[in-house]
Amino acid sequence: MKDQPSADTLSRYVQIDKWIFEVKSVRAIRVDDFGKPYSAVANFALNGNSAYIDGLLTREDDDFTREDYQTFVKMSQQLGLDTVNFDRFKQKQRVSDIVKVPPLHVAKPELKLVKV
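These numbers come from a predicted model, not from an experiment.

S.K.: Would you mind showing me how to read the nonpolar core here?
M.R.: Soluble globular proteins: nonpolar side chains tend toward being buried together. The biggest cluster of nonpolar side chains holds 15 residues, and the ones touching the most others in it are Phe44, Leu46, Ile53, Phe72, Val84 and Phe86. Elements supplying a minimum of two residues to this core: strand E4 (40-47), strand E5 (50-58) and strand E6 (83-90).

Pasting the structure below:
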């Protein structure tokens with residue numbers, strides 16, 4: 001495996017013996033503890049450096065929040081994605097959006113003190 005992830009990223013490939021297993025789909029549930037009833041669900045389909053998120057459903061009167069959005073961004077960053085395509089229903093209308101994922105670590109410019 002050439003591309004080993006850093007400590008902040010998730011590997012999308014696992015090699016066991018002569019097989020490489022590639023993560024191509026992720027099911028996300030919003031819940032405090034695994035196994036408990038969840039309040040939202042979404043499916044991520046991964047293709048290259050992009051993801052398509054569909055099936056984003058929440059319980060009635062339980063909206064997809066800004067905090068939820070930021071969590072999806074963090075997950076996308078950890079998977080090394082460049083773009084994410086969202087399809088969801090908002091106020092009974094289908095909403096599609098393509099979001100550019102910011103890099104996980106933004107390089108800070110190197111500053112140098114120069115005496116004039």
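Having seen it, we continue.
S.K.: What am I meant to see in the packing of aromatic side chains here?
M.R.: Here the distance between the centres and the angle between the planes together describe a pair of aromatic rings. Summed over all chains, the structure comprises six aromatic pairs. Centre to centre, the rings of Phe44 and Phe72 are 5.2 Å apart; their planes meet at 50°, and the pair counts as tilted. Taken together, the residues Phe44 in strand E4 and Phe72 in helix H1 (residues 66-78) connect sequence positions 28 residues apart. Overall, the relative accessible area of 3% leaves Phe44 in the buried class. Grouping aromatic residues by their ring pairs yields a cluster made of Phe44, Phe64, Tyr69, Phe72 and Phe86.

S.K.: Before we go on, may I ask you to explain the layout of surface pockets in this structure?
M.R.: Left-over empty space is what a probe sized like a water molecule reveals as it rolls over the atoms. Estimated volume of the largest pocket: approximately 440 Å³. Around the largest pocket, the lining is made up of 14 residues, and of these Thr58, Asp63, Phe89, Lys90 and Gln91 lie nearest the centre. Mapped onto the lining of the largest pocket, the elements with two or more residues apiece are E5 and E6. Residue composition of the lining of the largest pocket, grouped by class: four nonpolar, two polar and eight charged.

S.K.: Would you mind showing me how to read unusual backbone geometry here?
M.R.: Trans peptide bonds make up the majority, and among non-glycine residues the majority have a negative phi. Despite not being glycine, Asp17 has its phi angle at roughly 55°, a positive value. Checked against the element boundaries, Asp17 lands in the loop between strand E1 (13-16) and strand E2 (19-22). Although it is not a glycine, Asp61 adopts a positive phi angle of roughly 65°. By the secondary structure assignment, Asp61 is in the loop between E5 and H1.

S.K.: When you look at a nonpolar patch on the surface in this model, what are you seeing that I'm missing?
M.R.: A cluster of nonpolar side chains, contributed by Val14, Ile16, Trp19 and Phe21, occupies part of the molecular surface with about 450 Å² of accessible area. You can see Phe21 is positioned in strand E2. Residue classification places Phe21 among the partly exposed positions, given a relative accessible area of 44%.

S.K.: I'm lost on the pattern of salt bridges in this one. Help?
M.R.: Side chains that carry opposite charge are capable of pairing whenever their charged atoms lie near each other. Counting across every chain of the model gives three salt bridges. The salt bridge partner of Glu22 is Lys24, with a shortest N-O separation of 3.8 Å. A salt bridge links Arg30 to Asp68; the nearest nitrogen and oxygen atoms lie 2.4 Å apart. Pair noted here: Arg30 is in strand E3 (residues 25-30) and Asp68 is in helix H1, with a separation of 38 residues, a long-range link.

S.K.: So what exactly am I meant to see when it comes to the side chain of Ser76 here?
M.R.: Here Ser76 lies in helix H1. Engagement of the side chain of Ser76 in a polar contact is seen with the backbone oxygen of Phe72, the distance being 2.8 Å. With sequence-adjacent residues up to four places away left out, Ser76 is seen in contact with Phe44, Leu81, Val84 and Val101.

Rules behind the numbers
Residues numbered from 1 in each chain as written. Predicted model: local features only at pLDDT ≥ 70, side-chain atom pairs only at ≥ 80, totals over all residues. Heavy atoms only, no water. Core = buried A, V, L, I, M, F, W, Y, C linked by side-chain atoms within 4.5 Å. Buried < 20%, exposed > 50% of the residue type's maximum accessible area, 1.4 Å probe, protein only. Helix = DSSP H or I, 4+ residues; strand = E, 2+ residues; numbered from the N terminus. Phe/Tyr/Trp six-rings, centres within 6.5 Å; stacked < 30°, edge-to-face > 60°. 1 Å grid on protein atoms, 1.4 Å probe; cavity = no way out; pocket = protein on both sides within 12 Å on 5 of 7 lines; lining within 4 Å. Points joined across faces, edges and corners; volume = space filled by probe spheres on them. Nonpolar A, V, L, I, M, F, W, Y, C, P; charged D, E, K, R; others polar. Patch = residues over 30% accessible without salt bridge, like charges linked within 9 Å, V, L, I, M, F, W, Y side chains within 5 Å. Areas by Shrake-Rupley, 256 points an atom, 1.4 Å probe, with all protein chains shown as cover. Salt bridge = Lys/Arg side-chain N within 4 Å of Asp/Glu carboxyl O. Polar contact = N/O pair within 3.5 Å; in protein donor to acceptor, adjacent residues only side chain to side chain. Contact = heavy atoms within 4.5 Å.

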